[in-house]
Amino acid sequence: MKAPLLLVGAGGHGRAVLETLRDAGWPEPAGVLDDNPASMGLPGIRLLGKLAMAEALRGQGLALAHVALGDNARRRALGEWLLSLGYALPEIRHPSAIIAGTAQLSAGVVAMPRVVVGAAARVGSHTILNTGCIVEHDCALGHAVHIAPAATLGGGVRVGDGALIGLGVSVKPGVSIGAEAIVGVGAAVVADVAPGLRVAGVPAMPLG
Ligand SMILES: CC(C)(COP(=O)(O)OP(=O)(O)OC[C@H]1O[C@@H](n2cnc3c(N)ncnc32)[C@H](O)[C@@H]1OP(=O)(O)O)[C@@H](O)C(=O)NCCC(=O)NCCS
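What counts and how
- Residues numbered from 1 in each chain as written.
- Predicted model: local features only at pLDDT ≥ 70, side-chain atom pairs only at ≥ 80, totals over all residues.
- Heavy atoms only, no water.
- Helix = DSSP H or I, 4+ residues; strand = E, 2+ residues; numbered from the N terminus.
- Rg over C-alpha atoms; globule rule 2.2 N^0.38 Å.
- Buried < 20%, exposed > 50% of the residue type's maximum accessible area, 1.4 Å probe, protein only.
- Contact = heavy atoms within 4.5 Å.
- Areas by Shrake-Rupley, 256 points an atom, 1.4 Å probe, with all protein chains shown as cover.
- Near = heavy atom within 4 Å.
- Polar contact = N/O pair within 3.5 Å; in protein donor to acceptor, adjacent residues only side chain to side chain.
- Nonpolar A, V, L, I, M, F, W, Y, C, P; charged D, E, K, R; others polar.
- Pairing = 2+ DSSP bridges.

A. Highlighting the overall build of the protein chain. Check the secondary structure of the protein chain and you find three helices and 23 strands. Taking 208 residues into account, the globule formula puts the C-alpha radius of gyration at 17 Å, and the protein chain, at 17 Å, falls close to it. For the protein chain, the spread of C-alpha atoms along the principal axes amounts to about 50 × 40 × 30 Å. With 208 residues in all, the protein chain has 49% of them scored as buried. Put simply, of all contacts in the protein chain between residues at least 6 apart along the chain, 30% involve residues at least 24 apart. When the accessible surface of the protein chain is split by element, carbon and sulfur atoms take 58% of a total near 8,900 Å².

B. Representation of the site of the ligand in the model. Taken together, 13 residues lie near the ligand, and G166, L167, G184, V185 and R198 sit nearest. Contact distances for the ligand include 2.8 Å between an oxygen atom and a backbone N or O atom of V185. Within the side chain of R198, one N or O atom sits 2.3 Å away from an oxygen atom of the ligand. Compared with its free state, where it exposes 920 Å², the ligand has 41% of that area covered by protein. For the shell around the ligand, the residue count by class is seven nonpolar, five polar and one charged.

C. A look at unusual backbone geometry. The amide bond that connects V202 to the next residue, P203, takes the cis arrangement and shows omega of -5°. Relative to the helices and strands, P203 resides in the loop between β22 (198–200) and β23 (205–206). Non-glycine residue A120 carries a positive phi angle of around 60°. As for its position among the elements, A120 is in the loop between β9 (116–117) and β10 (122–123). Given the relative accessible area of 32%, A120 is considered partly exposed.

D. Main features of the sheet that holds β10. Read across the sheet, five strands follow the order β7-β10-β13-β16-β19 without closing on themselves; strand pairing throughout is parallel. Among the strands making up the open sheet, the edge pair consists of β7 (104–105) and β19 (176–177). Of the pairings in the sheet, the one linking β10 to strand β13 (residues 140–141) comprises two bridges and is parallel in character. Paired with R122 across the two strands is A140, which belongs to β13.

See the structure below:
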């Protein structure tokens, strides 16, 4: 039996993660922390307070946590902080996700509904595999990456830490996308993308 976990982030992504936890048969989360008073809140889940409370809650015996924030840098920083406090960040998989037996998912990864991860793919910590994305065989994703809904990465694609691959993007097999790059909605990436670059279009070209 899994133990209830502490969620961080009571916004839109938090609500989506909550549904995934429920569908996957996790017990109800022990509560949620959020610094933003304007956050929507999570239905049926108690807002315990601000993020700083995570330390005291660890002292009270909470052992599992998940950072459900869309911002890649913030999700990574908070995830690493929670690990340093002694929390474990379990992998969360929707039951409809298909993850190859030879794929490796790291701490704090969430695989939302209908995600497919192929053979020998590697997914770094705190990465979001969002609804219906496909990460083909031998892909290597860094830490705190976000693969948005319906994006498809061909075999052997590499994605650096903190990169955002937007909604419905297609990436040609073998292409490398640098750390913190952003690939705009609907792009077709057919050549390597340098770190920090924003690209969009078919074929994807630098923006601005
Ligand atoms: C690429 C992106 C980051 C640019 O955002 P931005 O800096 O706010 O850019 P703007 O919306 O001001 O647009 C700047 C220009 O780029 C164009 N543009 C923006 N996104 C584009 C896209 N995906 N494809 C083609 N052109 C795009 C705009 O039309 C505009 O062109 P113009 O200067 O000729 O009018 C953003 O549009 C995007 O696609 N983000 C990904 C969102 C996403 O998938 N999130 C995951 C949700 S789960």
